[in-house]
Amino acid sequence: MAHAASVYAPLGSSPVVVESPVAEEEATGVQRGAISLSKRAVTEAGKAAGERVEWEIIATNTGNVTLENARIFDPQLSGLTCAPAAPSRLAPGATLSCTGAQILSQSDLDQGEVSNSATTSATTPSGDKVDGIATATYQPAQPAPGLALVTTASHTDTNSHGYADFGGHTPFVRTVTN
């Protein structure tokens with residue numbers, strides 16, 4: 001236990017030293033492990049089937065204890081790359097950031113959006129598991145709907161005078177392209 005000393009001198013008297021013990025108290029807080037997850041598409045591409053949509057996923061330690069084995073999972077993405085490398089140790093407020101790609105299908109384009117979910121998990125110092133989930137939607141640029149129609153005609157000039165005869169047969173071919 002520590003002591004503190006104060007010196008004071010009333011007017012006209014000798015200085016007086018007063019010692020008092022300093023109270024000691026241990027500060028305790030609630031240790032809380034928590035993790036959050038955010039996700040967003042970070043691509044400008046994605047207008048046709050077979051193109052890639054790039055996603056960014058960020059796990060943040062929102063608790064007040066260091067988390068161990070922090071990981072991000074997203075089975076829909078290929079080539080998930082994380083910084084720092086997963087599994088990671090995250091101090092309070094620290095982040096784990098991952099990116100990955102998803103290939104657009106014709107079905108994605110027909111639906112007009114791609115929904116993608118990711119999860120994260122980590123372990124607290126006491127061994128408890130904490131986790132989070134995030135879902136994001138990407139809306140690919142939609143081409144303007146339309147049809148192209150090309151009509152061609154041909155005739156057989158049976159009498160070689162260069163034009164179709166009245167009442168003759170002229171076949172037409174129409175090609176429609178979506």
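Worth saying up front: this structure is predicted, and the values here are computed from it rather than measured. (Residues numbered from 1 in each chain as written. Predicted model: local features only at pLDDT ≥ 70, side-chain atom pairs only at ≥ 80, totals over all residues. Heavy atoms only, no water.)

Participant: Just give me the short version of the pairing of strand S9 (residues 114–123), but keep the residues and values in it.
Facilitator: Bridging between strand S5 (residues 67–73) and S9 involves 4 bridges; their strand directions are antiparallel. Directly across from Phe-73, in S9, lies its bridge partner Thr-119. Pairing of S9 with strand S10 (residues 129–138) involves 10 bridges; the strand directions are antiparallel. Bridge pairing links Ala-118 to Ala-134 in S10. (Pairing = 2+ DSSP bridges. Helix = DSSP H or I, 4+ residues; strand = E, 2+ residues; numbered from the N terminus.)

Participant: Describe the state of the cysteines, and please don't skip the residues or the numbers.
Facilitator: Following the criterion strictly, the structure yields 1 disulfide and no others. The partner cysteine of Cys-82 in its disulfide is Cys-98, sulfur to sulfur 2.0 Å. Across the disulfide from Cys-82 to Cys-98, rotation about the S-S bond amounts to roughly 105 degrees, and the bridge is consequently right-handed. Here Cys-82 is found in strand S6 (residues 78–83), whereas its partner Cys-98 is found in strand S8 (residues 95–103), with 16 residues between them in sequence. Judged by its relative accessible area of 21%, Cys-82 is partly exposed. Using a relative accessible area of 0% as the deciding quantity, one classes Cys-98 as buried. (Disulfide = S-S within 2.5 Å. Buried < 20%, exposed > 50% of the residue type's maximum accessible area, 1.4 Å probe, protein only.)

Participant: Give me the lowdown on the pattern of salt bridges, citing residues and values where you can.
Facilitator: Scanning all chains against the criterion turns up 4 salt bridges. We note a salt bridge from Arg-52 to Glu-54, for which the minimum N-O separation is 2.8 Å. The salt bridge partner of Arg-89 is Glu-68, with a shortest N-O separation of 2.5 Å. You can see Arg-89 sitting in strand S7 (residues 88–90) and its partner Glu-68 sitting in strand S5, a full 21 residues away along the chain. Taking relative accessible area as the criterion, Arg-89 reaches 60% and is therefore assigned exposed. (Salt bridge = Lys/Arg side-chain N within 4 Å of Asp/Glu carboxyl O.)

Participant: Outline the sheet that holds S6, listing residues and values.
Facilitator: Strand order in this open sheet of 4 strands is S3-S4-S8-S6, and the pairing throughout is antiparallel. The outermost strands of the open sheet, each flanked by one partner alone, are strand S3 (35–41) and S6. On average, adjacent strands in this sheet sit at an angle of 20 degrees to one another, irrespective of strand direction. As paired elements, strand S4 (residues 52–61) and S8 share 9 bridges and run antiparallel to each other. Within S8, the residue paired with Glu-56 across the bridge is Thr-99. (Axes fitted to C-alpha atoms, helices over the stretch in contact; angles between N-to-C directions.)

Participant: Any details on the side chain of Asn-116? Residues and values, ideally.
Facilitator: Along the polypeptide, Asn-116 turns up in strand S9. Classification of Asn-116 by relative accessible area gives buried; the value is 0%. A distance of 3.3 Å separates polar atoms of two side chains, one belonging to Asn-116 and the other to Gln-102. Those residues in contact with Asn-116 that lie beyond four places of it in its chain are Lys-39, Trp-55, Asp-74, Gln-76, Leu-77, Gln-102, Ala-134, Thr-135 and Ala-136. (Polar contact = N/O pair within 3.5 Å; in protein donor to acceptor, adjacent residues only side chain to side chain. Contact = heavy atoms within 4.5 Å.)

Participant: Report on the pairing of S5, specifying residues and quantitative values.
Facilitator: Across 2 bridges, the pairing between S5 and S7 is antiparallel. Note that in S7 the partner of Ala-70 across the bridge is Ser-88.

Participant: Give a detailed account of unusual backbone geometry, specifying residues and quantitative values.
Facilitator: Residue Ala-83 is joined to Pro-84 through a cis peptide bond whose omega torsion reads -5 degrees. Mapped onto the secondary structure, Pro-84 falls in the loop between S6 and S7. Across the junction of Ala-86 and Pro-87, the peptide omega takes the value 0 degrees, indicating a cis bond. Here Pro-87 shows up in the loop between S6 and S7. Positive phi, close to 55 degrees, is recorded for Asn-69, a residue that is not glycine. Residue position: Asn-69 is located in strand S5. Its relative accessible area of 42% is what places Asn-69 among the partly exposed residues.

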